[in-house]
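Inside the fold
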Amino acid sequence: MADEILDEQRTNENVVKRLIDCINDHQIEVMDELFHDDAVMHWPQSGEVVRGAENRRAIYSAFPQLPTITPRRLLSGGNLVTAEALLDYGGPTFETVFIFEFRDGRITKETAYWSEAFPAPEWRAQWVEVSKA
């Protein structure tokens, strides 16, 4: 049982790694293999919900510029994989957290949060370390 759970987690993490690779390689057609046709992409900060393969394909085909994604960390458990990453659009960069929900080894829901980096305020300097990563 424990081995099956670990295998499922590894499989799900590999799907996320493959998703990152296909976006970085501008091979968005690979996304059809990774997402269920009825998958939902939820972007809470803009209030947008993308339902289904047709809408996902249209959005990714119309993207003015796909980002380069640099993954920082993957955490998984059960049917969830969380990915922390840096998205670089050739100018603005965004610190991003993706939460992927899985069904049968494919993504059924993606929730994404992203924010542009900002300088740490001086008033906290004596208590913190400033990370460059």
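Please refer to the structure higher up on the page.
Just so it is clear, the model here is predicted, and its values are computed rather than measured.

Moving on, we get to the sheet that holds strand β5 (residues 93-103). Ordered in space as β2-β1-β6-β5-β4-β3, the six strands form an open sheet in which the pairing is mixed. At either margin of the open sheet sits one strand with a lone partner, and together these are β2 (48-51) and β3 (68-77). For this sheet the average axis-to-axis angle between neighbouring strands, irrespective of direction, equals 15 degrees. Sheet contacts for helix α1 (residues 2-24): β1 (35-43), β3, β4 (80-88), β5 and β6 (106-116); angle to β3, the most-contacted strand, approximately 170 degrees. Taken strand by strand, helix α3 (residues 52-62) contacts β1 and β2, and its axis lies near 60 degrees from that of β1.

In this structure, glutamate 13 sits in helix α1. Despite its burial, glutamate 13 pairs with no opposite charge; the closest candidate is lysine 17, at 4.8 Å N-O. The contact partners of glutamate 13, leaving out residues within four places of it in the chain, are Leu74, Ser76 and Val81.

Our next topic: the nonpolar core. One finds Leu19, Phe35 and Phe100 to be the most contacted residues of the largest nonpolar core, which totals 28 residues. Only α1, α2 (31-34), β1, β4, β5 and β6 provide two or more residues apiece to this core. Of the residues forming this core, the biggest block, six residues, is contributed by α1. Ignoring sequence-local partners within four residues, the contact set of leucine 19 consists of Met31, Leu34, Phe35, Phe100 and Ile107.

In this section: the pairing of β4. Each regular strand shows side chains that alternate between the opposite faces of the sheet. With burial as the criterion, only one face of β4 is covered, namely that bearing Val81, Ala83, Ala85 and Leu87; the residues Leu80, Thr82, Glu84, Leu86 and Asp88 on the opposite face remain uncovered. Where β3 and β4 come together, nine bridges link them in antiparallel fashion. Looking across to β4, one finds that threonine 70 is bridged to leucine 86. The antiparallel pairing of β3 with β4 creates a hairpin that spans two residues between the two strands, and glycine 78 there sits at a positive phi of about 60 degrees. As paired strands, β4 and β5 are joined by nine bridges and run antiparallel to one another. Looking across to β5, one finds that aspartate 88 is bridged to threonine 93. What sits between the antiparallel neighbours β4 and β5 is a turn of four residues, in which glycine 90 has the positive phi angle 75 degrees.

Oppositely charged side chains can pair when the atoms bearing their charge come close. Per the counting criterion, the structure on display carries seven salt bridges. A salt bridge links glutamate 84 to arginine 73; the shortest N-O distance between them is 2.6 Å. Note that glutamate 84 is positioned in strand β4 and arginine 73 in strand β3, a separation of eleven residues in sequence. Among the ionic contacts, a cluster of salt bridges with common partners joins Asp32, Arg56 and Arg57.

Cut-offs applied
Residues numbered from 1 in each chain as written. Predicted model: local features only at pLDDT ≥ 70, side-chain atom pairs only at ≥ 80, totals over all residues. Heavy atoms only, no water. Pairing = 2+ DSSP bridges. Helix = DSSP H or I, 4+ residues; strand = E, 2+ residues; numbered from the N terminus. Axes fitted to C-alpha atoms, helices over the stretch in contact; angles between N-to-C directions. Contact = heavy atoms within 4.5 Å. Buried < 20%, exposed > 50% of the residue type's maximum accessible area, 1.4 Å probe, protein only. Lys, Arg positive; Asp, Glu negative; His and termini not counted. Salt bridge = Lys/Arg side-chain N within 4 Å of Asp/Glu carboxyl O. Core = buried A, V, L, I, M, F, W, Y, C linked by side-chain atoms within 4.5 Å.

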